[in-house]
Each structure stands twice: as C-alpha cells, then as structure tokens.
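# Structural characterization, general
So the chains spell out like this:
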Amino acid sequence: MSAAVTEDLLIVGAGGFARETAQAVRDVAAADAARGRAPRWRLAGHLDDDPALHGREVDGVPVAGGCELVHELPAARVVVCVGSPRDYAVRARLVRRLGLPADRYATVVHPTAAVSGSSAVGPGSVLLAHCVLTAGVRVGSHVAVMPQVVLTHEDEVADFATLASGVRLGGGVRVGRGAYVGAGALVREYASIGAWSLTGMGSTVLADVPAGEVWAGSPARLLRPAGATALAELAREAGGSGGALCGRAGDAPVPAGAPAHGTEDGTGPNGRRPQTRMESPVV
C-alpha cells in the first residue's frame, strides 16, 4: 500500500461550527498517528470575511484572510463551515460564490463516527463526534451533521442541510435541500422535511414538514414561514426538481386513515418502498 499524502485543509469560517470542525481534523490526525499513518490533512488555517479576525488565531489556528484566498491556494482542500439557525442558507450562498469544483472539497468524518459500508457522504460535508449512519444512508454535499446524530436505514439528507446535535431520524426519512433540523429533534420514519425549512429544537416530527416553513413542538406544528434568506433560496430553486424541494417525488398521496409510518415489510405508508436516489450524486 502506498503512503498516504497529507493535504493542506482550509476551513472557511471561524465561528463555532468551524472550530468544531478544526477539532475534528485534529482528532482525525491523532487517530491516523495512532495507526502509524500520515495525517490526512494539515490545518492550513481559517478563512473569514470579517477583517477584525485576520491575523488572529482561533484555538491556535490562524485566520489567514478572507474567503477568496481559496483561489490563491489551489492545492489546498476546502470545507465551508458557516451557518446558524438565524441564517442557515449562508453556506449555500458562500459555496456558490466561491465556485470551486467538487474535488476541491474535503469530507471530514470524526474518528468516533460510525458510517456503515452501505452509506455514502458527499464532498464538503462534516460529520462530528459519535454520529451514526446505520444502513443505506445517503448524505449529500456540504451537509453539517453535529455530534450524536443518528441516521437510520435509507435516510436521505440533501445538500446544504444541517442536523443539529442529538437529532434522531427514523428509517426512510428524507431531509430536503438546505433544511435545518434543530438540536434533539425526533423525526418519525418515512417523514419528509422540506427544503429550506426549519424544525425547532426538541421537536417531535410526526408529519411531513413542507418546504420553507418553521415547525416546532411535540408534536411539531407550523409556526410561521421560514426567514427571508431561506425563502430566497427556495424561490431560486423553484424551477428545479420538485423532488429536491419537499417530499418524495412520484409518491402517491397517503390514503385517509393510513398509518403515518412504515410497515413491517419495509415499505412506506403508501405501500411503496422508499426511494434511495439523492437529488445530487454523493461520493
């Protein structure tokens, strides 16, 4: 076997998510060293558009400059680690602005994460400590999966989604593009979380959450429309695939009185097995 090559890694952002990712990279390096391997990445620094941070260090990692520096360091791999419940569309806007090819993006998986051989994670995504992907899980590109998230059989998480710490998805759940699922939320099997929606922390989701809405509570209910930046992304994508926005494209309506969960043979509530196609490829 040839020796691994250590690559420089730039973390775009210098806030909480970026700091957690930097620590995950350190933990990956420590795990590599414990196995006698060269580290996969060398932390080359944070990039952030806040000029007050330039030249400073965040947890010992320098902030080298603004985000556009990614173009001046073409050999470095990149991961974009920005976003919060106040503006969870910012990661998509920044990736679009940078315009980098997919192969520039690293995929960071904490060494304590359990990712099954039948699951796949896309470029630019980050899986933090103690995440679990059980079987046939598909995670798209630029997805943030926070600590102790559990994704069970055949779950699909589309590009730019955020799963906050402690989220639990039942089997066959589909999380739409850019959706934000708050800390500790529980999502019933075969439910859909619509694109650019926000599900509040601690919610129990028993029904489909439509695209572009904020739901919270136990059981979760509609509170209001999503914020302006999320709705702007939804409007921007409205001309694309309907399946990327909400629900499972092609599924028939659930008959009245039908159970809102899967059946013992693994089919969904309408008698069909859930689709496993992502709205964009994963690697």
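The text that follows walks through the structure, step by step, so that each part is easy to find. Only a predicted model underlies this, so the values are computations on that prediction, with no experimental measurement involved.

## Considering the pattern of salt bridges
- Enumeration according to the criterion identifies 12 salt bridges in this entry.
- For aspartate 59, the salt bridge goes to arginine 19, with nearest N and O atoms at 2.7 Å. A residue pair is termed long-range when its members are at least 10 positions apart, and aspartate 59 in the loop between strand 3 (57-58) and strand 4 (61-65) and arginine 19 in helix 1 (residues 16-34) qualify at 40 residues.
- Residue classification places aspartate 59 among the partly exposed residues on the basis of a relative accessible area of 44%.

## Some details on the sheet that holds strand 12 (residues 144-145)
- Strands sit in the order 6-9-12-15-18-21-23-24 across an open sheet of eight strands; the sheet is mixed. Both outer strands of the open sheet, strand 6 (108-109) and strand 24 (220-225), are each paired with one neighbouring strand and no more.
- Relative to strand 24, strand 23 (residues 213-217) runs antiparallel, the two being bridged by five bridges. Following the sheet pairing, tryptophan 215 is matched in strand 24 by leucine 222.

## Let's talk about the packing of helix 2 (residues 90-98) against helix 3 (residues 228-236)
- Look at helix 2 against helix 3: their axes get within 10 Å of each other, and the N-to-C directions meet at 55°. As summarised for this structure, helix 2 and helix 3 are arranged oblique, according to the angle between their axes. Touching Ala92, Arg93 and Arg96 of helix 2 are Thr229, Glu233 and Arg236, all from helix 3.
- Among the residues making up the contact of helix 2 with helix 3, the classes are represented as one nonpolar, one polar and four charged.

## So, helix 3
- Among the residues of helix 3, those classed as buried are Ala230, Glu233 and Leu234. The arc that holds the buried residues of helix 3, viewed along the axis, is 100°, so those residues lie on one side. Across helix 3 from its buried face, at more than 90 degrees, point the exposed residues Ala228, Ala235 and Arg236.
- Looking at the buried side of helix 3, the elements it contacts are helix 2.

Conventions and cut-offs
Residues numbered from 1 in each chain as written. Predicted model: local features only at pLDDT ≥ 70, side-chain atom pairs only at ≥ 80, totals over all residues. Heavy atoms only, no water. Salt bridge = Lys/Arg side-chain N within 4 Å of Asp/Glu carboxyl O. Helix = DSSP H or I, 4+ residues; strand = E, 2+ residues; numbered from the N terminus. Buried < 20%, exposed > 50% of the residue type's maximum accessible area, 1.4 Å probe, protein only. Pairing = 2+ DSSP bridges. Axes fitted to C-alpha atoms, helices over the stretch in contact; angles between N-to-C directions. Parallel < 35°, antiparallel > 145°, perpendicular 65-115°, else oblique. Contact = heavy atoms within 4.5 Å. Nonpolar A, V, L, I, M, F, W, Y, C, P; charged D, E, K, R; others polar. Arc of directions from axis to C-beta.

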